[in-house]
Amino acid sequence: MTHSPFSLLPISFPRSNWQQACELAPLFNELVDRVSLDGEFLQESLSRTKEADVFTRRLLDIHSKMLEINKREEIRLGLHRSDYMLDAQTNSLLQVELNTISTSSIAPGCIVSELHRNLINQNGKLLGLDSGNIPRNNNVSQYAEALAKAWIEYNNSRAVILAVVQADEHNMYDQLWLLSILKERYGVTVIRKTLTEIDADAVLLPDGTLLVGDREVAVVYFRAGYTPRDYPSESEWRARLLMEQSSAVKCPSISYHLVGTKKIQQELAKPNVLERFIENEDDIEKLRKCFAGLWDLDDSNAVKNAIKRPELFVIKPQREGGGNNIYGDDVRETLLKLEKERSEERAAYILMQRIFPFTAPACLVRDGSCHQVNSVSEVGIFGAYLRNKEKVIMNDECGYLIRTKGSTANEGGVISGYAVIDIIYLT
Ligand code: ADP
Ligand code: MG
């Protein structure tokens, strides 16, 4: 067992950009919901990607099956996190990505915010800091509330929440904290199972009820299933399909999951695409303002620029969880290689403008020892969205996760070992 890596003091961040990021949370929540309802848009946008990427194809196949049987999700729950960096050159807040499945590091983020508040309260004069400038982080409570409300909507007090987990989970206490609040505060029982176990234990009744053993499932909460590694055999895909076919609330549904792919992020950034989903022009403007440059690999102009200046771009496959992107000289090499391949191969990736955030000195604590580095930070804003057939029940910004890493590191995940959990100090 090892502690979550954390920074010793908060990072400075402009209050105006902070407010901007928080205001975007309900807009992205709504956007995900709208896009998820447009099955044709999802299928069409990912049609070429699925030819090159087997994982996307399997997800899309489940989505197709749901379209065929005209499956409707009346109760929809999204627990998202939108990640941003503050671009140093333009001073603008740019979105790195939007996560719609298994958003993690919720509990440690709350604890580190209390740690920093305490350190500053004890040493504030010495440090010249005021803990009042650290925004409260109640993410774990708000996520528990959203899950509990979805469970209430399902309306069977004997039903459970099924947390789908990885067999070799390293971030278990993040989940257990959340799940224990569900039990203590809302009296909801949560069972944790891997996809392999679900395939063995779960059945679908003709009326759509999902049973695990003899327990009816009200909500399926995915903390696994976002990476091909979670599907070592057909067994796990069977489990995913079975749950999708059921009347349990899925967090996320297959549609919500697909909206979070990098390819959809890139499609949404094209001209006139947001307009398809959102009416309010101010909202469109706010969303578009945070989009970085995004292109597909058939955009010959963008590709030409990236071959010339690879350090200014990132190539991303359709993967989650860190460690998958391509940076620096590898960008050029990959593009030159892909130019010779069939165009389907290129559709597995997107090309993105590389964001260069402000750097600052930081003390990062990992495995009990402290390292002073020049660092960059990424701001993640959690959001919760819940609706039923009639109305939106919850559409909130739900706290934050700041991840800080050495300024020379490319990737940025906490669990994947690149970054530490940090807190924000508003200036
Ligand atoms: P994943 O789904 O694996 O988390 P991300 O798109 O979030 O993929 O990329 C992983 C990490 O790589 C981010 O946390 C960030 O640190 C870095 N990164 C991603 N995109 C960019 C970008 N456009 N500019 C700079 N850094 C980036
Ligand atoms: Mg990420």
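Conventions we followed
- Every chain is numbered on its own, with residues counted from 1 as its sequence reads.
- Chains and ligands are labelled sequentially in the order written, the chains with letters from A and the ligands with numbers from 1.
- In keeping with the model being predicted, local features are shown solely for residues with a pLDDT of at least 70 and side-chain atom pairs are shown and tallied solely at 80 or more, while totals for entire chains, interfaces and linings include all residues.
- Water and hydrogen atoms play no part in the side-chain values, which are based on all heavy atoms of the structure.
- Counting from the N terminus, the helices are DSSP H or I runs at least four residues long and the strands are E runs at least two residues long.
- In this treatment the radius of gyration is a C-alpha quantity, and the globule benchmark scales as 2.2 Å times the residue count to the 0.38 power.
- Relative accessible area decides the class of each residue, using a 1.4 Å probe on protein chains only: under 20% of the type maximum gives buried, over 50% gives exposed, and in between gives partly exposed.
- We call two residues in contact whenever any of their non-hydrogen atoms come within 4.5 Å of each other.
- Domains are outlined according to an automatic or database domain assignment.
- Joining two parts hides part of their accessible area as seen by a 1.4 Å probe, and the buried area is that hidden amount summed over both.
- Any Lys or Arg side-chain nitrogen located within 4 Å of an Asp or Glu carboxyl oxygen qualifies as a salt bridge.
- In protein, a polar contact requires one atom able to donate a hydrogen and another able to accept it; more generally it is a pair of N or O atoms within 3.5 Å, and residues adjacent in sequence count only if both atoms are side-chain atoms.
- Each axis is a line fitted through C-alpha atoms, and for a helix only the stretch in contact is used; angles between axes span 0 to 180 degrees, taken between their N-to-C directions.
- Oblique is the label for every angle not falling under 35 degrees (roughly parallel), over 145 degrees (roughly antiparallel), or within 65 to 115 degrees (roughly perpendicular).
- Throughout, the ten residues Ala, Val, Leu, Ile, Met, Phe, Trp, Tyr, Cys and Pro are labelled nonpolar, Asp, Glu, Lys and Arg are labelled charged, and all others, Gly among them, are labelled polar.
- One less than the residue count of a helix, multiplied by 1.5 Å, gives the span that helix is expected to have.
- Axes are fitted to the seven residues ending at a residue and to the seven starting at it; the angle between these axes is taken as the bend at that residue.
- Proximity criterion: a residue is near a molecule or strand once any of its heavy atoms comes within 4 Å of it.
- Crossing handedness is read from the near helix: turned anticlockwise from the far helix by less than a right angle, it gives a left-handed crossing, and turned clockwise, a right-handed one.
- In this scheme Phe, Tyr and Trp rings, the latter by its six-membered ring, pair at centre separations within 6.5 Å, and the angle between planes marks the pair as stacked below 30 degrees, edge-to-face above 60, and tilted otherwise.
- Any Lys NZ or Arg CZ that is within 6 Å of a ring centre and within 35 degrees of that ring's normal is treated as a charge sitting over the ring.
- Any two strands with at least two DSSP-identified bridges between them are counted as paired.

Draft legend 1. Seen up close, the overall build of the chain. Regarding its fold elements, the chain presents 15 helices and 18 strands. Expected size for 427 residues packed as a compact globule is a radius of gyration near 22 Å; at 21 Å, the chain falls within 12% of this value. Over its C-alpha atoms, taken along the principal directions, the chain stretches across nearly 65 × 55 × 45 Å. Of all 427 residues assigned to the chain, the portion counted as buried reaches 56%. The contacts in the chain between residues at least 6 apart in sequence include a share of 74% that link residues at least 24 apart.

Draft legend 2. Just the domain arrangement of the chain, in detail. Examined at the domain level, the chain breaks down into domain 1 (11-137 + 252-426) and domain 2 (138-251). Placing the centre of domain 1 and that of domain 2 at their C-alpha centroids yields a distance of 24 Å. The interface is formed by 42 residues belonging to domain 1 together with 38 residues belonging to domain 2. Summed over both partners, the interface of domain 1 with domain 2 buries about 3600 Å², with 67% contributed by carbon and sulfur atoms. Remark: the boundary between domain 1 and domain 2 carries two salt bridges. The closest approach of N and O atoms between K250 and E73, which form a salt bridge, is 3.1 Å. Counting across the interface, domain 1 meets domain 2 through 16 residue pairs in polar contact (both at pLDDT 80 or more). Those elements that place two or more of their residues in the side of domain 1 that touches domain 2 are α4 (54-68), β3 (76-87), α5 (106-127), α10 (254-259), β15 (369-387) and β16 (392-406).

Draft legend 3. Representation of the packing of α5 against helix α7 (residues 172-186). Direction vectors running N to C along α5 and α7 enclose 85 degrees, while the axes themselves pass 7 Å from each other. When the axes of α5 and α7 are compared, the pair comes out roughly perpendicular. Between α5 and α7, the contacting residues are I106, A107, P108 and I111 on the first element and D174, W177 and L178 on the second. Class assignment for the residues of the contact of α5 with α7 results in six nonpolar, no polar and one charged.

Draft legend 4. Summary view of α5. Between its first and last C-alpha atoms α5 spans 27 Å; for 22 residues at 1.5 Å apiece the expected length is 32 Å, and the helix comes up short by more than 12%. Of all the bends in α5, the greatest, near 55 degrees, is centred on N121. Inspection of α5 places I106, A107, P108, G109, C110, V112, S113, H116, R117, I120 and G124 among the buried residues, and these make up the whole buried set. Looking at the residues trailing α5, positive phi occurs at G128, about 70 degrees.

Draft legend 5. View of the site of ligand 1. The environment of ligand 1 is formed by 21 residues, the closest being K262, K316, G322, Y327 and E378. Note that an oxygen atom of ligand 1 is positioned 2.7 Å from one of the side-chain N or O atoms of E378. Take K405: an N or O atom from its side chain is 3.0 Å from an oxygen atom of ligand 1. At the level of elements, β4 (92-99), β12 (313-317) and β13 (349-353) are the ones that each hand at least two residues to the shell around ligand 1.

Draft legend 6. Molecular detail of the environment of W295. Relative to the helices and strands, W295 resides in strand β11 (residues 294-296). As for W295 and V259, which are separated by 36 residues in sequence, their C-alpha atoms are 17 Å apart. Those residues in contact with W295 that sit more than four places away from it in its chain are Q266, A302, F313, I350, L351, M352 and Q353.

Draft legend 7. Spatial organisation of the packing of helix α13 (residues 300-308) against helix α14 (residues 329-339). Contact pair α13 / α14: the axes reach a minimum separation of 8 Å and the direction vectors enclose 135 degrees. With respect to α14, the axis of α13 lies oblique. Helix-helix and strand crossings are classified by hand; for α13 and α14 the assignment is left-handed. Contact with α13, carried on its side by V303, A306, I307 and K308, involves V331, R332, L335, L336 and E339 of α14 and no other residues of that element. Looking at side-chain class alone, the contact of α13 with α14 contains six nonpolar, no polar and three charged residues.

Draft legend 8. The arrangement of the packing of aromatic side chains in detail. Throughout the structure, instances matching the rule amount to eight aromatic pairs. Each member of the aromatic cluster is reached from another via a ring pair, and the members are F55, Y231 and W237. Here R240 stacks its cationic end above the ring of F222, 4.6 Å away from the centre of that ring.

Draft legend 9. Region of the structure containing the sheet that holds β12. Strand order in this open sheet of three strands is β11-β13-β12, and the pairing throughout is antiparallel. The sheet is open, and its two borders are formed by β11 and β12, each paired with just one other strand. When strand polarity is set aside, the average angle formed by the axes of neighbouring strands in this sheet is 30 degrees. Examined bridge by bridge, β11 and β13 share three bridges and lie antiparallel to one another.

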